[in-house]
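# Understanding the architecture of this molecule
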Amino acid sequence: MTPWTDQELDRVGRASELRVAGRRPDGTLRGLVTIWSVRVGDSIYVRSVYGPESAWFRGTRTLGEGRIEVGGITKDVTFALDPTLDDKVNAAYRAKYGAGGPVRAITSDPATRTTLRIDPR
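Residues numbered from 1 in each chain as written. Predicted model: local features only at pLDDT ≥ 70, side-chain atom pairs only at ≥ 80, totals over all residues. Heavy atoms only, no water.

## Considerations on helix 2 (residues 55-63)
Among all positions of helix 2, only Trp56, Phe57, Gly59 and Thr60 are buried. Buried residues of helix 2, seen end-on, are gathered within an arc of 160° and therefore sit on one face of the element. Structurally, helix 2 contributes buried residues whose contacts are with strand 1 (18-22), strand 2 (33-35), strand 4 (43-46), strand 5 (65-70), strand 6 (73-81) and strand 7 (116-120). Backbone geometry just after helix 2 places Gly64 at a positive phi near 75°. (Buried < 20%, exposed > 50% of the residue type's maximum accessible area, 1.4 Å probe, protein only. Helix = DSSP H or I, 4+ residues; strand = E, 2+ residues; numbered from the N terminus. Arc of directions from axis to C-beta. Contact = heavy atoms within 4.5 Å.)

## Section: the pairing of strand 3 (residues 37-40)
Of the strand pairs in this sheet, strand 3 and strand 4 are connected by 4 bridges, and their pairing is antiparallel. Residue pairing across strands places Arg39 opposite Ile44, the latter belonging to strand 4. Adjacent in sequence and paired antiparallel, strand 3 and strand 4 are bridged by 2 residues, among which Gly41 carries a positive phi angle near 65°. (Pairing = 2+ DSSP bridges.)

## A few points about the environment of Ile35
By the element assignment, Ile35 lies in strand 2. Spatially, the C-alpha atoms of Ile35 and Leu18 are 5.6 Å apart, while their sequence positions differ by 17 residues. When near neighbours in sequence (up to four residues on either side) are disregarded, Ile35 contacts Glu17, Leu18, Val20, Val46 and Trp56.

## Here we look at the sheet that holds strand 2
The strand order 2-1-5-6-7-4-3 describes an open sheet built from 7 strands, whose pairing is antiparallel. Two strands in the sheet have a free side with no partner beyond their single neighbour: strand 2 and strand 3. Averaged over neighbouring strand pairs, the angle between their axes works out to 40° when direction is ignored. For strand 1 and strand 2, the ladder comprises 3 bridges, and the chain directions are antiparallel. Pairing of Arg19 across the sheet is with Thr34, part of strand 2. (Axes fitted to C-alpha atoms, helices over the stretch in contact; angles between N-to-C directions.)

Have a look at this one:
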């Protein structure tokens with residue numbers, strides 16, 4: 001695993017959305033899905049607003065690998081369940097996206113159970 005560069009962290013952190021795809025067992029990528037992301041420290045986090053039953057989320061769990069596209073960056077990545085910073089991830093979602101209904105959904109208990117840290121490969 002290689003770390004994110006400062007430039008990548010800045011670009012991903014500023015982007016309003018990113019596109020994510022999990023990798024299938026045969027090595028092909030699933031379709032890209034547009035979702036929200038947040039930066040916390042030197043890490044990027046995403047969640048499934050619909051909880052663990054969302055197709056894109058399940059697709060990332062198959063191999064724990066995939067790809068993101070955001071802000072001109074295309075990167076092969078790994079996805080790791082990471083509940084260790086849930087309070088900070090919640091705060092980052094609120095700071096970036098506001099306090100409306102979509103943010104209440106992405107910071108709800110079902111969504112919080114899907115917190116994934118995205119690490120570059």
